[in-house]
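# Structural characterization, general
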Amino acid sequence: MFTGIIESLGTVHAVDAHGTNKTFWIASNLSNELKVDQSLSHNGVCLTVEETKEGSHRVTAIEETLRKTNLGQWHTGDRINLERCLVMNGRLDGHIVQGHADTTATCLRRKQLEGSWEFQFEFPGKFSHLVIEKGSISLNGISLTIFNVKKSKFDIAIIPYTFEHTNIQSVKAGDKVNLEFDMIGKYVARLTR
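Residues numbered from 1 in each chain as written. Predicted model: local features only at pLDDT ≥ 70, side-chain atom pairs only at ≥ 80, totals over all residues. Heavy atoms only, no water.

## Quick look at the environment of F123
- Residue position: F123 is located in the loop between strand 9 (117-122) and strand 10 (136-139).
- The exposure class assigned to F123 is buried, which follows from its relative accessible area of 4%.
- Sequence spacing of F123 and L40 is 83 residues, and the spatial spacing of their C-alpha atoms is 25 Å.
- When neighbours within four sequence positions are excluded, F123 is seen to be in contact with T104, A105, S128, V131, K151, S152, K153, F154, L179 and F181. (Helix = DSSP H or I, 4+ residues; strand = E, 2+ residues; numbered from the N terminus. Buried < 20%, exposed > 50% of the residue type's maximum accessible area, 1.4 Å probe, protein only. Contact = heavy atoms within 4.5 Å.)

Printed below as a string of structure tokens:
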């Protein structure tokens, strides 16, 4: 379980395909602190640390994960948002994030304002019942508030700190990002259907 408050940026330094899986080596300032079998959010996707060495860690994404996320598009040099699991004796600064991406969204627009940025994203309409005005969403693992919500679109506003410390800075029109809808909202939607 995570909060959507990104701790660090990692860099993909190797990608290997093994059957329908892809293995990634990620270099980060967290990698030396990680242990094998530890869960770590990578762009909002919970992956198990399989090995650590020399400031890097190895994780594998299976076919299901590659199909539902943007991990299949990762290349050497890509920057990845990283977050360790929530410690249950601390503050919940973002919102409850499982690390189980529901789908991807496509960036339609990026607009720089005076001191902030606004982005618009489009997502599959079958998930429209899971988004609400001023609701929470995990976008590439970042806990964000959405606004201007339409059937299959929403906007986000980014403050300078988030822009500088996450990979949202590299997202441009046409790019795909991972989405995880609010867990509580998903349970409520299921109960009312």
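## As for the pattern of salt bridges
- For the structure on display, the rule yields nine salt bridges.
- Here R109 and D155 are joined by a salt bridge, their closest N and O atoms 3.5 Å apart. In this pair, R109 is assigned in strand 8 (residues 103-112) and D155 in strand 12 (residues 153-158), connecting sequence segments 46 residues apart.
- Residue R109 is classed as partly exposed on the basis of its relative accessible area, which comes to 32%.
- Residue D155 is classed as buried on the basis of its relative accessible area of 3%.
- Residue K172 is joined to D175 by a salt bridge in which the shortest nitrogen-to-oxygen separation is 3.3 Å.
- Ionic contacts of the salt-bridge type, sharing partners, join the residues E7, E33 and R84 into one network. (Salt bridge = Lys/Arg side-chain N within 4 Å of Asp/Glu carboxyl O.)

## A few points about the sheet that holds strand 13 (residues 176-181)
- Spatially, six strands are ordered 8-9-12-11-10-13 in a closed barrel, and the strand pairing comes out antiparallel. Direction aside, the axes of adjacent strands within the sheet are offset by 45 degrees on average.
- Pairing between strand 8 and strand 13: four bridges, direction antiparallel. The partner of T104 across the bridge, within strand 13, is N178. (Pairing = 2+ DSSP bridges. Axes fitted to C-alpha atoms, helices over the stretch in contact; angles between N-to-C directions.)

## What about the environment of T76?
- Its place among the elements puts T76 in the loop between helix 1 (63-68) and strand 7 (79-84).
- When the C-alpha positions of T76 and L34 are compared, they lie 21 Å apart, and in sequence the two are 42 residues distant.

## Quick look at the side chain of T23
- Positionally, T23 belongs in strand 2 (residues 21-27).
- Polar side-chain contacts of T23 include one of 3.0 Å to the side chain of T60.
- Among all residues touching T23, those that are not within four sequence positions of it are A14, V15, D16, H18, R58, V59 and T60. (Polar contact = N/O pair within 3.5 Å; in protein donor to acceptor, adjacent residues only side chain to side chain.)

Everything listed here is a matter of coordinates, which is why it stays silent on function.
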